[in-house]
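Fold and contact review
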Amino acid sequence: MVDLKVKVHELEFKNPVTTASGTFGFGEEFEEFIDLNRLGGIFVKGLTLHNREGNPYPRMAETPSGMLNAVGLQNKGIDYFINNIYPRIKEYDTEIIPNVNGSTVEDYIEVTERINEIEDINAIELNISCPNVKEGGMSFGISCPSAIAVTEAVREVYDKTLIVKLSPNVTDICEIAKAVEGAGADSISLINTLLGMAIDPHTRKPILSTLTGGLSGPAVKPVAIRMVWQVYNAVKVPIIGMGGIMNAEDTIEFMLAGSSAIQVGTANFIDPEVSIKIIDGITSYMGKYKIDSVSDLIGAMDVEELY
Amino acid sequence: MKKIQDCKVLGVKNLNDDTYILELTTPETPEIIAAGNFAEIKVDHTPDVFLRRPLSIFDVDYTNKKISFFIKITGKGTALLKEAELEQNINIIYPLGNSFKPEANGNALVIGGGSGIAPLLLLANELKIKKSEITFLLGGRKNTDIHLFKEFEKYGTVLITTEDGSLGEKGRVTDHSIFNSINGFTKIYTCGPNPMMKAVGEIASANDIPCEVSLENMMACGFGACLCCVTETHEGNKCVCTEGPVFNVNDLKW
């Protein structure tokens, strides 16, 4: 029996496979397709203090090996989540991790404080990297002072595992990673979507109502792998890697680059069973290469011959 | 219950250059399909066609385990599907979405524009079972856009408009003379391009006739996870994939 358990700060995932915020709803949307109890964790849809309708339609554009989205954090607010959704999904035997968003530092603090009251939630993911909102979101995550300010503020009111989700839309990802580590992050997740754009050549109009959106899917995977590797070598806190993971081999690649766990995102739209297939695929991989513990793969890229 | 299934291609029946019917055999008895339900079809992976294609279910044969789709080529995905080979496996997720609510013992006006006729034969069958009278109004740009006339005729009167006047009355569906006296109809059901459905909806509302429209917004998943396909309603944004595709026209803010 192979050991699939991984540890991210004080969080213990039964396996490294979790689902990315914004691609998996609140888990329930997938209940008819898979056994959610098998997942390492579920990062639920991004939450804000108040109800948000998100951006106008169209919010999506298909692109080669990926897609752009400009959903804009549509959600019914933190109270609706706590009162109406969480009581149902807490029954799943998996880590439920809320993704916390805000337009101001005060928003982030307030949402976090509400979640802090829930005993069974062991971690939050602080989203300072959403590219699709006018205020807050990514603007916090692309400069060190603002990334530090929001991370420190949330750290002060949250005593469980604090994961900070980084934007790839920066000049130096390591600088931001070190900044949030210094500000108290227990773990770093990356990458959020890459800012992109698409135009219809026939109508000469932008495809997204917001003009720009976030690119995800296998098109971004090499960028994500590179950034995970760079951050792995720059910080001590564990990394949760994501960006275009479609199968078990992609997952192994992210772990070899330095991820302790991974998030499956856009692939969930195409194959709602993909996360479970990935868990099974990791088990086969470990059998094939006689690896007892999946955590032995973290950062285990073999570079010896190169030097 | 939503299913993910590999289905074998039974045939691709070309109706004209850009319209065809794709017939699949399901591995087990098909799930119960209601008119308006759709499937998310996986097109063989090419970098350009990354996402599944949401397509209305056109017909279902529970005894012979068949499910079929009426498809108009609108892009690379629907063009590639036409090239599907016999016996090839195609992966589908179905049934998705809500459905029309056919009225019993009514007098129905069923309006289809272009490929919007896709869910309307199933609807006709449900209306017939519920003992409603049916009048169809089918519209297109030209005569070759009007399909399946004979199939619709089995269920009721079929009226036609074409923009170039090559078949039926000349003009758009809402130009048809039937609209001079529509108060005999108890409900309107429509599927087609948004401008057409908006125009139909306005007439329905003005005459106090209940009207259901089936939307086809772009979507990434089809089951409520991506939140990309929303339409604005009086109760906020709603997902076309899970809270639609069929809406009461008065609920929409378009």
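Report follows, based on the coordinates.

The rules behind these values
Residues numbered from 1 in each chain as written. Chains lettered and ligands numbered in written order. Predicted model: local features only at pLDDT ≥ 70, side-chain atom pairs only at ≥ 80, totals over all residues. Heavy atoms only, no water. Axes fitted to C-alpha atoms, helices over the stretch in contact; angles between N-to-C directions. Helix = DSSP H or I, 4+ residues; strand = E, 2+ residues; numbered from the N terminus. Parallel < 35°, antiparallel > 145°, perpendicular 65-115°, else oblique. Left-handed = near helix turned anticlockwise from the far one by under 90°. Contact = heavy atoms within 4.5 Å. Nonpolar A, V, L, I, M, F, W, Y, C, P; charged D, E, K, R; others polar. Buried < 20%, exposed > 50% of the residue type's maximum accessible area, 1.4 Å probe, protein only. Polar contact = N/O pair within 3.5 Å; in protein donor to acceptor, adjacent residues only side chain to side chain. Pairing = 2+ DSSP bridges. Buried area = accessible area lost by both parts, 1.4 Å probe. Salt bridge = Lys/Arg side-chain N within 4 Å of Asp/Glu carboxyl O. Right-handed = clockwise from strand over helix to strand, strands pointing away.

**Description of the packing of helix 6 (residues 248–256) of chain A against helix 8 (residues 274–288) of chain A**
All names here are of chain A.
- In contact at an axis separation of 8 Å, helix 6 and helix 8 are set at 70° when each is read in the N-to-C sense. As judged from the angle between their axes, helix 6 and helix 8 are roughly perpendicular. Handedness of the helix 6/helix 8 crossing: right-handed. Within the contact between the two elements, helix 6 uses Ala248, Thr251 and Ile252 and helix 8 uses Ile278, Gly281, Ile282 and Tyr285.
- For the contact of helix 6 with helix 8, the per-class residue count stands at five nonpolar, two polar and no charged.

**Overview of helix 4 (residues 173–182) of chain A**
All names here are of chain A.
- Buried residues of helix 4: Ile173, Cys174, Ile176, Ala177, Ala179 and Val180, and no others.
- The opening residue of helix 4, the one whose side-chain oxygen lies 3.0 Å from the backbone nitrogen of Cys174, is Asp172.
- Of the residues one or two after helix 4, Gly184 is the one with positive phi, at around 115°.

**Looking at the sheet that holds strand 6 (residues 66–69) of chain A**
Residue and element names in this part refer to chain A.
- Taken in spatial order, the four strands make up an open sheet running 5-6-15-12, and their pairing is antiparallel. This sheet does not close on itself; its edge strands, each paired only once, are strand 5 (60–63) and strand 12 (194–197). Each adjacent strand pair in this sheet contributes to an overall mean axis angle of 40°, direction not counted.
- In this structure, strand 5 lies alongside strand 6, joined through four bridges in antiparallel fashion. By the bridge assignment, Met60 is partnered in strand 6 with Asn69.

**A word on the interface of chain A and chain B**
- Tallying the contact residues gives 33 residues for chain A and 27 residues for chain B.
- Roughly 2,600 Å² is buried in total at the junction of chain A and chain B, and carbon and sulfur atoms are behind 63% of that figure.
- Viewed at the interface, chain B and chain A are joined by two salt bridges.
- Measuring nitrogen to oxygen at the nearest pair gives 2.7 Å for the salt bridge that ties Glu62 of chain A to Arg53 of chain B.
- For the interface between chain A and chain B, the tally reads nine residue pairs in polar contact (both at pLDDT 80 or more).
- Where the side of chain A that touches chain B is concerned, the elements lending two or more residues are strand 5, strand 6 and helix 7 (267–270) of chain A.

**Focus on the pairing of strand 9 (residues 123–127) of chain A**
Residue and element names in this part refer to chain A.
- Counting buried residues along strand 9, five of its five residues qualify, which places the element largely inside the surrounding structure.
- By the alternation rule, side chains of strand 9 split into Ala123, Glu125 and Asn127 and Ile124 and Leu126, which are all buried.
- Looking at chain direction, strand 8 (residues 99–100) and strand 9 are connected through two bridges and run parallel. Of the residues in strand 9, the one forming a bridge with Val100 is Leu126.
- In terms of strand pairing, strand 9 meets strand 10 (residues 161–165) through five bridges, oriented parallel. Among the inter-strand pairings, Leu126 is bridged to a residue of strand 10, identified as Val164.
- In terms of handedness, the path from strand 9 via helix 3 (residues 144–157) over to strand 10 forms a crossover that is right-handed.

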